[in-house]
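Observations on the three-dimensional arrangement
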Amino acid sequence: MEYGFTDILQLIGSLGLFLFGMKVMSDALLRLAGNKMRSILATMTSNRFLGIATGFLITSVIQSSSATTLMVVSFSNASLLTLPEAISVIMGANIGTTITAWLITLLGFKVSMSAIALPLVGFGFLFTFSKKDNTKNWGGFIIGFAILFIGLQFLKDAMPNIDENPQILEFLKQYTNAGFWSVLLFLLIGTILTLIIQSSSATMALTLIMTAQGWIPFELAAAMVLGENIGTTITANIAAIVANYQAKRTARAHLIFNILGVIWMLALFYPFLRMISWMVQELGSSSPFVSAAAIPVAISLFHTFFNILNTFILVWFIKPIYRLVEKMVPEIITPERAIEVPKFLERKMLKYPETAIATLYKETDYLYRNAVFEIVTHALNIHREDILSDIKAKKVVKKSVEDFETDVRALYLSKVKTIYGEIIKYATLAQSTLKLTETQNRRIMQIKLANRKMVEIIRDVGELNRNVSKYLESENSYIKKRYDNYRKIVISGLRVIFLYKDEMKKEEFQQELIILSNKVENSLENESVEIDKLIREDLITTDMASSLVNDHDNVQVLIEKLIEVAQILYVSADPLFNDIQEETSSIDNAA
């Protein structure tokens, strides 16, 4: 045998060059289309067929099923995708990855790209001198595309020639002549190779070269392709090790989907291969069972039809797969963190703009629904469960006669200030390190503004708290009644925002907020009339009058800001006010 250690190193080097070209091309495509693809992924998965189309589109564009799957795992981790949505996207990604096999087959075997590959590298290199990022990325794509086929040519040249090394054929015969056991063995080889190389495209290239060189017959090449389908799922499962249970479920679903596909294909293996052979012959080629030259196209056809059929069959079983994965990976209740520690802000979520924004939103929403809600209600001497009950606001106020002695400033320092600072820091880091679109940057500014408004809400309710507690059991029934009315107004506002929000669609909730704003305005106008009457008839002291007038404004501003935050978080991703950019510029100084 004339194949030595140097030849083996050359083979490994050729494979490395192929992988490098694939990475350069895929990375350039991600930079060119990544934002758009991730935006599509986050929004176009509302049903299983849209999810499949999205997975296919993204993988076809960025030429990497692993990158798509990792994206899906990250999005699941950030709760941007539900498990059924993630499964459907992965199904589409499996179809999309067949495009790479066709590229290698048609341009690597049917057409010799090596003659123009080096000129392409030079052509692409010229693009990298451009000042425009998009042009540079196109240059990177062209260079990666060319290097991929240079690596493929080196791989073909480095692969031992059967004619010159007949011992290889003799060695392989003991493994290729064992019938169905050989199929299972080469399926395992395909899985292990993909596990080691971490690229199903590279394993596919090796498989195609081995068939073209006459190393292995058509059926064993098909078995390797099935193994590659299992091996490629490992990337996502490795990435999910450090992720939450939702991401782990997504990765397991990918594995189960591909294993189920391999199982049913093994049951129909030989009839399916005969069908592929018939199709190849109908296209004008010889049978892949007879001619090694026909195998690359046959393998690409097998890969494509298998993944399309597997998706078409298993798309109707997304729910059973979903339930199985739920049992395999049970929901993990995250231990309650300390009050002052952020619940969702993790650096790994800064990988993509979408996951960073989703994380910021979740942390802000949690702060609003919990700490801010608690401080506002307790400042008014009302229990949160009463707000969330169906007891009429008037009765809630009537029974809430205990002074909670709430220290609003202390609650702010212990429950809000640190988290507020961390949110602003995280948002600023996202803006400075990620390549954001104008819309994404505007959304982060909105979230920062929402946090600023929450701090102002706490300040406003702190002002209100002093007089609410002071006049809670006042002997002057007139002043007591007015402050009870203030509390009723705030209760009505809190109920719309925190109790009814989840029951409504976005448009309905927006309408409710408008109605709430109008109601509060009318109620406060009536309060102004009542205050004037009390002053005229000398029913309250000057100090009481001063407090009522000031707190009239405090209640109005408090409700306005509560509504503004609700609009930013739950209604619109667009700026609510013309001066939003000016307001957000001073947020960092608020903590």
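Here the structure is shown first, and the text comes after it.
A few points about the overall build of the protein
The secondary structure content of the protein amounts to 26 helices and 0 strands. For the protein, with 591 residues in total, the buried portion stands at 53%. A fraction of 80% describes how many contacts in the protein between residues 6 or more apart in sequence connect residues 24 or more apart.

Quick word on unusual backbone geometry
Most of the time, phi is negative for any residue but glycine, and the peptide bond is trans. Unlike most non-glycine residues, Asn-381 shows phi in positive territory, near 60°. Following the sequence through the fold, Asn-381 ends up in the loop between helix H17 (353–379) and helix H18 (384–387). Looking at Asn-381, the relative accessible area reads 1%, which means it is buried. Of note in this structure, Glu-405 is not a glycine but carries a positive phi near 55°. Tracing the backbone shows Glu-405 in the loop between helix H19 (393–399) and helix H20 (408–415).

A closer look at the environment of Glu-521
Along the chain, Glu-521 turns up in helix H24 (residues 506–536). Glu-521 sits in the partly exposed class, given a relative accessible area of 42%. Each C-alpha atom of the pair Glu-521 and Ile-559 lies 9.8 Å from the other, and the pair is 38 residues apart in sequence.

Describing the side chain of Thr-406
Structurally, the position occupied by Thr-406 is in the loop between H19 and H20. Accessibility expressed as a relative area gives 13% for Thr-406, which makes it buried.

Points about the packing of aromatic side chains
This model, assessed by the stated rule, comprises 16 aromatic pairs. On the basis of an interplanar angle of 40° and a centroid distance of 6.4 Å, the ring pair of Tyr-368 and Tyr-570 is categorised as tilted. In this pair, Tyr-368 is assigned in helix H17 and Tyr-570 in helix H25 (residues 542–571), connecting sequence segments 202 residues apart. The two residues Tyr-368 and Tyr-570 agree in class, both being buried. Measuring from ring centre to ring centre gives 4.4 Å for Phe-373 and Phe-498, while their planes differ by 25°; the resulting arrangement is stacked. Taken together, the residues Phe-373 in helix H17 and Phe-498 in helix H23 (residues 477–499) connect sequence positions 125 residues apart. Phe-498 carries the same exposure label as Phe-373, and that label is buried.

Some words on the pattern of salt bridges
In total, this model carries 16 salt bridges according to the counting rule given. One salt bridge connects Arg-369 with Asp-365, and the closest N-O pair in it is separated by 2.9 Å. Taken together, the residues Arg-369 and Asp-365, both in helix H17 and 4 residues apart, mark about one turn of the helix. A residue is classified by how much of its surface remains accessible, and Arg-369, at 25% relative accessible area, is partly exposed. Looking at Asp-365, the relative accessible area reads 14%, which means it is buried.

Some thoughts on a positive patch on the surface
Together, Lys-392, Lys-394, Lys-395, Lys-398, Lys-481, Lys-533 and Arg-536 make up a region of like positive charge exposed at the surface. Examined against the element boundaries, Lys-395 turns out to sit in helix H19.

Notes on helix H15 (residues 295–314)
Here H15 is 20 residues long and its end C-alpha atoms lie 28 Å apart, about the 28 Å a rise of 1.5 Å per residue gives. Counting buried positions along H15 gives 15 out of 20 residues, so the element sits mostly inside the fold.

What about the packing of helix H21 (residues 417–433) against helix H22 (residues 438–470)?
Relative orientation of the contacting elements H21 and H22 amounts to 165°, with a least axis distance of 10 Å. When the axis of H21 is compared with that of H22, the two are roughly antiparallel. Along this stretch, H21 crosses H22, giving a crossing that reads as left-handed. In contact with Tyr-420, Ile-423, Ile-424, Ala-427, Thr-428, Ala-430 and Gln-431 of H21, H22 contributes Asn-441, Ile-444, Met-445, Lys-448, Asn-451, Arg-452 and Val-455. Tallied by class, the residues present in the contact of H21 with H22 amount to 8 nonpolar, 4 polar and 2 charged.

What counts, and where the lines are drawn
Residues numbered from 1 in each chain as written. Predicted model: local features only at pLDDT ≥ 70, side-chain atom pairs only at ≥ 80, totals over all residues. Heavy atoms only, no water. Helix = DSSP H or I, 4+ residues; strand = E, 2+ residues; numbered from the N terminus. Buried < 20%, exposed > 50% of the residue type's maximum accessible area, 1.4 Å probe, protein only. Contact = heavy atoms within 4.5 Å. Phe/Tyr/Trp six-rings, centres within 6.5 Å; stacked < 30°, edge-to-face > 60°. Salt bridge = Lys/Arg side-chain N within 4 Å of Asp/Glu carboxyl O. Patch = residues over 30% accessible without salt bridge, like charges linked within 9 Å, V, L, I, M, F, W, Y side chains within 5 Å. Areas by Shrake-Rupley, 256 points an atom, 1.4 Å probe, with all protein chains shown as cover. Lys, Arg positive; Asp, Glu negative; His and termini not counted. Charge placed at Lys NZ, Arg CZ, Asp CG, Glu CD. Expected span 1.5 Å × (residues − 1). Axes fitted to C-alpha atoms, helices over the stretch in contact; angles between N-to-C directions. Parallel < 35°, antiparallel > 145°, perpendicular 65-115°, else oblique. Left-handed = near helix turned anticlockwise from the far one by under 90°. Nonpolar A, V, L, I, M, F, W, Y, C, P; charged D, E, K, R; others polar.

Remember that the coordinates give geometry; whether it matters functionally is a separate question.
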